[in-house]
Amino acid sequence: MEIRIGVQNVAREVVIESDATNEDAARLVSDALSDGGTLRLKDTKGRLVLVPSAIIGYVEIGTETPRPVGFVPTPGS
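- For the chain, an unreviewed UniProt entry supplies the name DUF3107 domain-containing protein and the organism Citricoccus parietis.

## Quick notes on the sheet that holds strand β2 (residues 13-17)
- If you walk across this open sheet you meet the three strands as β2-β1-β5, and the pairing is antiparallel. Across the chains shown, the open sheet's two edge strands, defined by having one partner strand only, are β2 and β5 (56-61). Strand-to-strand twist across the sheet, computed as the mean angle between neighbouring axes with direction ignored, equals 15°.
- Bridge analysis of strand β1 (residues 2-7) against β2 gives five bridges, and the strand direction is antiparallel. Counterpart to Gly6 in the pairing with β2 is Glu13.
- Along the sheet, helix α1 (residues 22-35) contacts β1 and β5; its crossing angle with β5, the most-contacted strand, is approximately 170°.

What counts and what doesn't
- Residues numbered from 1 in each chain as written.
- Predicted model: local features only at pLDDT ≥ 70, side-chain atom pairs only at ≥ 80, totals over all residues.
- Heavy atoms only, no water.
- Pairing = 2+ DSSP bridges.
- Helix = DSSP H or I, 4+ residues; strand = E, 2+ residues; numbered from the N terminus.
- Axes fitted to C-alpha atoms, helices over the stretch in contact; angles between N-to-C directions.
- Contact = heavy atoms within 4.5 Å.

Have a look at this one:
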């Protein structure tokens, strides 16, 4: 699932591909914002991403639907 984090005063987003569920990601964001600490997320490659909650502008949590694998046949093949 893709998680996008908007950082205050920065034009680019922090984008993370994570194996966390929507509920887990939302809980981590909520906890970090409520205690004023650091948002800690692990991406699909095992890297740890730390974002201080004081600079978070927004967080967009994607859907948990798996990406399709394979190809789409073209008409006539």
